[in-house]
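Letter by letter, the chains look like this.
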Amino acid sequence: MSTIDWIIAVLPFILVLYLGFRAQRLVSGVAGFLSGGRVAGRYLLAVAGMESSVSVISLIAACEQSYHSGFAFSFWSGIGILVTMAIALSGFVIYRYRETRAMTLAQFFELRYSKSFRIFTGGICFLSGILNYALFPVISTRFFIYYCNIPQQFQIGGVTFSTLGILMAFFLAVSLAILFLGGQLSCMLTDCLQGLFTYAIFTVLLIYLLLHFTPEHYETVLLNRPDGASFINPFDTAELTDFNILFILIGVFMSAYGKMAWQGAAGYNSAAKSAHEQKMASMLITWREGLGRMKIPLLVMSALILLNHPDFSDIAAQIREALSGRIADGPGSAAIRRQMTVPLALHMLLPTGLSGLFVALMFMAMVSTDTTCLQSWGSIFIQDLVLPLRKTQLNTRTHLWLLRLAILGVAAFAWCFGYFYRPDTFILHFFSMTGALWIGFAGSVIIGGLYWKFGNTCGAWAAAAVGLGLGSTGFWLQSCWSSSIYAWLSCHAPSVLENFSQSLESLGDFLRIARWQVTPERFPISGAEWGFLTAISCIIVYVTVSLATGRGRVFDLDALLHRPPRSERPARPRRSFAAMLGINANYTRGDRIQTYLVFAWNIYNFAVFLGIVIWNVYFFRWPEEWWFDYFYYYGFGLALLVGLVTTVWFSWGGIRDIRDLFRALRTARDNPLDDGTVINHRNADEAAPPDSSK
């Protein structure tokens, strides 16, 4: 890292802190701290929301997986294009949730179900969340240490200090400073600013990588794969992953079932100025993902070329020497080398200036994710575990300081966990395990609570019990199968193991979409398949128990969603193509154009995907060279075109929304009762005041 690189890397840090300080003066109440005052525009939410999801650890996790498993399977994500489009155009879940005015998901659960269910689900969500987040700071810090070639230890006055611990504490302190100033408002503003920089830097970075290597470089490395282990041919990946049609269908189903279930960015779900604006923001994100889907494959391809192409054998030797020399053998060393392979390759590749931009990119990705997660999990602890247990309402000053202390506590836990944790599995596997207990049942109670008037508290409790039971069982089976369960069954109950094996194989043959085989290495049902079974079980239990205990009683969804009764609403217009796309009286001319463009873009992409599949299945199977041309020329070319257009488009919209946000907050007044308290299934600021005559 040269002096120029360090200057480039530090400048965004200064701008982010400046914007955080600017936001401090505009936050005066709990709603402002938790939801940014509910005045955010669509571009601000789209840019900031996407930035908060781009983390150092997610990039490293995706590179870690793609480097070893390839990215041909990403082609099959086309199966879910129409489902993704339908979710975006309808505002599925997110629109109705914003109408409730809840600031946390568990607050919605109290509005819809009960206070005890809010506390219970808040606790499960919080525990799952902080365990999931605990790896973020340490993986991010380790990236900067290895990429910037920072010594792992240093001495002051003869005392040796760990660079990892000190640097991780510094990075967390930066995020805490931003959040302490303005909570979700500071988080949104800094994330939006970082998002504008990030997308532009990614575009420059990907253009450089495409120009630095020739197509022949990419083709030589990517096509040099054994049969069944192709990195680019989606019809030739049998030896790489457990990918099958069932895995695809499960992913499509879970994208709808788990919509908004994960609360790592909870503040963004309630920050829009209206439900319509929240819906339009989610629609804009479908454009924002265009370039994002290609960044990981291109980064991994570049690393593969450096490590495997004969033209770069000298650089490959340096990378391998750095991996073995800088990462000493010990607990977790194999996982750390696996995680740092792509970052170290990029360090050897990027020139002065661009290397600094990449560090700035990763720094902004780290800060945006840390602020969002710290804000979400700290807020959930206070709002859904502390606040409901109090008999009296907190004053605003005390409430805000409790939120800050909770955020500080989450940061302290993440530092301790990360510093002493030694990785022993893939990052994505760790994420899957920590989210299993929550995601399994959350979808049923969210969707049922927002869309089904017959759902009730008994059904919600039953679904939660089943979800926790199956989720914990699946976690135990996945974790302990190879180490103890299989050996015990083989020794003490071989007939049970044999019957289990035959039943699974017969079921897989009958369904014709999966092959389950019992082996000593791992439990035969994958984590994705177990999660799907858990979700289906929770849906059945939620519906059955609600109907059995409801006795015909219905919940007033109109009151929950702040809508007038059906009898007072204007007659619905006749069904039309525009109505099918979710267009209504709230849509401006620009909204309609955007909606039609999203529809046309998704239909086009699905038609291309379907045409390629039909051609390969029924007419002629593409050779490897054709697949390379498709990914390289069509995939990257189209992604760069979309990236350039949306960078200009979203930059203009994001700057405009930041300006409008400051204007709105100067005149806005926070209601001290709007703090997340629920009284008789109504938000405290909406509940009828007590009758003083009684």
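Residues numbered from 1 in each chain as written. Predicted model: local features only at pLDDT ≥ 70, side-chain atom pairs only at ≥ 80, totals over all residues. Heavy atoms only, no water.

### Some remarks on the overall build of the protein chain
No. 1: When its secondary structure is counted, the protein chain shows 25 helices and 4 strands.
No. 2: Relative to its 694 residues, the protein chain shows a buried fraction of 54%.
No. 3: Here the analysis covers contacts within the protein chain between residues at least 6 apart in sequence; of these, 84% occur between residues at least 24 apart. (Helix = DSSP H or I, 4+ residues; strand = E, 2+ residues; numbered from the N terminus. Buried < 20%, exposed > 50% of the residue type's maximum accessible area, 1.4 Å probe, protein only. Contact = heavy atoms within 4.5 Å.)

### Quick word on the pattern of salt bridges
No. 1: Taken as a whole and assessed by the stated rule, the structure comprises 12 salt bridges.
No. 2: Two residues, Glu-99 and Arg-563, come together in a salt bridge whose shortest N-O distance is 2.8 Å. You can see Glu-99 sitting in helix α6 (residues 94-100) and its partner Arg-563 sitting in the loop between α22 (557-560) and α23 (577-580), a full 464 residues away along the chain.
No. 3: Since its relative accessible area comes to 23%, Arg-563 is described here as partly exposed.
No. 4: Between Arg-118 and Glu-110 there is a salt bridge, with its nearest N and O atoms 2.7 Å apart. Pair check on accessibility: Arg-118 and Glu-110 agree, each one buried.
No. 5: Three or more residues are tied together by salt bridges with common partners; here these are Arg-38, Arg-101, Asp-674, Arg-682, Asp-685 and Glu-686. (Salt bridge = Lys/Arg side-chain N within 4 Å of Asp/Glu carboxyl O.)

### Focus: the pairing of strand β1 (residues 153-156)
No. 1: Of the strand pairs in this sheet, β1 and strand β2 (residues 159-162) are connected by 4 bridges, and their pairing is antiparallel. What sits directly across from Phe-154, in β2, is Phe-161.
No. 2: Where β1 hands over to β2, the hairpin turn is made up of 2 residues, of which Gly-157 adopts a positive phi near 60 degrees. (Pairing = 2+ DSSP bridges.)

### Some words on unusual backbone geometry
No. 1: The phi dihedral of Arg-101 is positive, around 65 degrees, even though this residue is not glycine.
No. 2: Note that Arg-101 resides in the loop between α6 and α7 (105-112).
No. 3: Its identity as a non-glycine residue notwithstanding, Met-260 has a phi of 70 degrees, on the positive side.
No. 4: Examined against the element boundaries, Met-260 turns out to sit in the loop between α12 (245-257) and α13 (275-308).

### Comments concerning the packing of aromatic side chains
No. 1: Taken as a whole, this structure holds 55 aromatic pairs when the rule is applied.
No. 2: Ring geometry for Tyr-218 versus Tyr-632: centroids 5.4 Å apart, planes at 50 degrees, classification tilted. Here Tyr-632 lies in helix α25 (residues 624-667) and Tyr-218 lies in helix α11 (residues 215-222), a separation of 414 residues in the sequence.
No. 3: Taking the relative accessible area as the measure of exposure, Tyr-218 reaches 0% and is therefore buried.
No. 4: Given the relative accessible area of 10%, Tyr-632 is considered buried.
No. 5: A centroid spacing of 5.9 Å and a plane angle of 35 degrees characterise the contact between Phe-413 and Phe-417, whose relative ring orientation is tilted. Taken together, the residues span about one helical turn, with Phe-413 and Phe-417 both in helix α17 (residues 396-420) at a distance of 4 residues. (Phe/Tyr/Trp six-rings, centres within 6.5 Å; stacked < 30°, edge-to-face > 60°.)

### A short note on a nonpolar patch on the surface
No. 1: A cluster of nonpolar side chains, namely Leu-610, Ile-614, Trp-615, Val-617, Tyr-618, Phe-619, Phe-620 and Trp-626, defines an oily patch on the protein surface of about 870 Å² accessible area.
No. 2: Of the residues forming the nonpolar patch, the biggest block, 6 residues, is contributed by helix α24 (residues 589-619).
No. 3: With respect to the element layout, Ile-614 can be found in helix α24. (Patch = residues over 30% accessible without salt bridge, like charges linked within 9 Å, V, L, I, M, F, W, Y side chains within 5 Å. Areas by Shrake-Rupley, 256 points an atom, 1.4 Å probe, with all protein chains shown as cover.)

### Details of helix α5 (residues 81-90)
No. 1: Of the residues making up α5, those classed as buried are Ile-81, Met-85, Ile-87, Ala-88 and Leu-89.
No. 2: Once α5 finishes, Gly-91 follows within two positions and takes phi at roughly 70 degrees, a positive value.

### So, the environment of Phe-143
No. 1: Within the fold, Phe-143 resides in helix α9 (residues 136-147).
No. 2: When its relative accessible area of 1% is taken as the criterion, Phe-143 is described as buried.
No. 3: Linking Phe-143 and Gln-339, residues 196 residues apart in sequence, is a C-alpha distance of 8.6 Å.

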